[in-house]
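# Fold and geometry: a report
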Amino acid sequence: MAISLVGFASGESNTVSRPTVQNGDVLIAVTSYYSGTAAPPSGWTEFASFNGSADNDEIACYKVITDAGSEPTSYNFSGAGRSATSIIAFRGVDIENPF
């Protein structure tokens with residue numbers, strides 16, 4: 001199966017709506033905090049981070065959807081200060097080796 005983009009959500013806060021997903025989809029999120037430290041929600045795996053200075057922090061993380069019916073309607077990325085977060089949903093990704 002080819003990998004396809006199936007959804008996208010973004011916001012300028014700690015909380016971002018979940019794109020529509022089904023079991024086996026992979027969500028990738030990138031979040032940036034200005035004047036704070038970023039951390040992914042429970043159940044997400046961080047795979048990259050960048051701390052440009054004491055005033056900003058960026059992380060990239062992913063989540064494999066295993067039970068779409070029990071997923072929340074939004075995700076809260078912890079941190080303090082101003083933030084911007086984007087979530088992209090993909091289908092057809094090898095969930096055992098997403099990267």
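For the structure itself, consult the block above.
This write-up is about the structure you can find in this document. Just so it is clear, the structure is predicted and the values come from calculations on it, not from any experiment.

Let's shift gears to the overall build of the chain. Across its full length, the chain carries zero helices and seven strands. Starting at the N terminus and ending at the C terminus, the chain contains elements arranged as β-β-β-β-β-β-β. Computed over C-alpha atoms, the radius of gyration of the chain comes to 13 Å, within 12% of the 13 Å expected from 2.2 N^0.38 for 99 residues, which places it in the range of a compact globule. With the C-alpha coordinates of the chain rotated into their principal frame, the extents come out at 40 × 25 × 20 Å. Put simply, the chain has 99 residues, and 33% of those count as buried. Pairs at least 24 apart in sequence give 71% of the contacts found in the chain among residues at least 6 apart. By element, 49% of the accessible surface of the chain is carried by carbon and sulfur atoms, the whole surface being about 5500 Å². Put simply, the chain has 4 plus and 10 minus side-chain charges, and the middle of one group is 8 Å from the middle of the other.

Tracing the chain through its elements places Val21 in the loop between strand S2 (15-17) and strand S3 (26-34). Separated by 69 residues in sequence, Val21 and Phe90 have C-alpha atoms that sit 8.6 Å apart. Look past the residues within four positions of Val21 in its chain and what remains in contact with it is Leu27, Ile65, Ala68, Ala89 and Arg91.

On to the pairing of strand S5 (residues 56-64). With seven of nine residues buried, S5 lies mostly within the body of the structure. Bridge count for S3 against S5 is nine bridges, and the pairing is antiparallel. When the bridges of S5 are listed, Val26 appears paired with Val64.

About the criteria used
- Residues numbered from 1 in each chain as written.
- Predicted model: local features only at pLDDT ≥ 70, side-chain atom pairs only at ≥ 80, totals over all residues.
- Heavy atoms only, no water.
- Helix = DSSP H or I, 4+ residues; strand = E, 2+ residues; numbered from the N terminus.
- Rg over C-alpha atoms; globule rule 2.2 N^0.38 Å.
- Buried < 20%, exposed > 50% of the residue type's maximum accessible area, 1.4 Å probe, protein only.
- Contact = heavy atoms within 4.5 Å.
- Areas by Shrake-Rupley, 256 points an atom, 1.4 Å probe, with all protein chains shown as cover.
- Lys, Arg positive; Asp, Glu negative; His and termini not counted.
- Charge placed at Lys NZ, Arg CZ, Asp CG, Glu CD.
- Pairing = 2+ DSSP bridges.

Functional significance is not addressed by these values, which are geometric in nature.
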